[in-house]
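Listed below are the residues making up each chain.
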Amino acid sequence: MRPDDSSLSSSELLKVETIAKNLLHRSDAWGTVPLPLEDILAAAKLKVAPYSIFDPRSIKAYVAAKGSQVAKTIKSALGKIFGILDASEEIIHIDDSLTPGKQLFLTLHETGHFELPHQRKLFRFFEDSEQELEPSIADQFEREANNFARFVMFNGDAFKQRAADMPLAFASIKKLQGQFKTSMYASIREYARTHHQVCFVAALEPTEVRPVLGICAPVRRVEVSLSYEQMFGRPQTTLITPGHALWPLVPLGGRRVTRPTTFILTDLNGDQHEFIGEALDTTFNILLFACPRESFKA
């Protein structure tokens, strides 16, 4: 699986969410769905660049005036950068070739770097990529910025509250995604991690063929509800292969979706439960959602 991108201690999370909530109030966006991004940026005194610099020549030209160390760091990460916060200029650069939902998250992620006081004081220039800063500091800062973006994007617990009033099904996630104007990837993760009922989601990489194993789908991330974790634990599977309980959910043969499909899971006490699952192939990844059959609502 991908490295953890969001875990914080309860005290760290409280600090991040308090600052995020303050920005929502300052922008008069608390409780507003979808999020008024322009009001958020105005309250943070940030701007998004009106044109994209996300090609190698433009990035190199942009960082040339920022100093040799920054230029060296940026060059080492070319092809991996999606968002840049230039704190000194109070401007955010976002790769506009990305989907609108991904751009929204990245804009709020960069805003988090700017709004979180300890980050803003320590660094005047951030570049988000797979190579940045000292690893342990970078990891902490990224998880903080991710949680900031998540809290603002889903307007506190507004997403959770709406999900609780809707049927437990993939169709509800799609409706919520449309309401909040977020990516399906972010929406399905938020749905599972905050839902009060037993459910889980898995984001898989596109299927591939490996020697000996044959066709399979690597697991990118898994999110579970608290009630699911209490009953079944946290899934540790890193690869879905034929014969795995979740394999029937993987869309194959050009299919984009898998209709509701039943399968069996064993809980921590050794008891078996019938689940029903659905899946969507977004081309970027395969998103699976599942819950107990008795809880499923079409």
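Residues numbered from 1 in each chain as written. Predicted model: local features only at pLDDT ≥ 70, side-chain atom pairs only at ≥ 80, totals over all residues. Heavy atoms only, no water.

It is worth spelling out the pattern of salt bridges at this point. Within the structure shown, the criterion is met by 12 salt bridges. Salt-bridge contacts for Glu223 lead to Arg189; the nearest nitrogen and oxygen are separated by 2.8 Å. Of this pair, Glu223 sits in strand E7 (residues 214-224) while Arg189 sits in helix H10 (residues 184-194), placing them 34 residues apart in sequence. Comparing Glu223 with Arg189, the two get one shared label, buried. Through salt bridges that share partners, Asp5, Arg189, Arg193, Arg221, Glu223, Glu229 and Arg234 make up one connected network. (Salt bridge = Lys/Arg side-chain N within 4 Å of Asp/Glu carboxyl O. Helix = DSSP H or I, 4+ residues; strand = E, 2+ residues; numbered from the N terminus. Buried < 20%, exposed > 50% of the residue type's maximum accessible area, 1.4 Å probe, protein only.)

For the rest of this paragraph, the subject is unusual backbone geometry. The omega torsion of the bond from Val33 to Pro34 falls at 0°, within 30 degrees of zero and hence cis. Tracing the chain through its elements places Pro34 in the loop between helix H1 (10-26) and helix H2 (37-44). A positive phi angle is found at Asp28, which is not glycine, with a value near 55°. Along the chain, Asp28 turns up in the loop between H1 and H2. Residues other than glycine seldom take positive phi values, yet Lys181 does so here, at roughly 60°. What makes Lys181 exposed here is its relative accessible area of 53%.

Attention now goes to the pairing of strand E10 (residues 272-281). Of the strand pairs in this sheet, strand E9 (residues 257-266) and E10 are connected by 8 bridges, and their pairing is antiparallel. Residue pairing across strands places Thr258 opposite Ala279, the latter belonging to E10. Where E9 hands over to E10, the hairpin turn is made up of 5 residues, of which Gly270 adopts a positive phi near 90°. (Pairing = 2+ DSSP bridges.)

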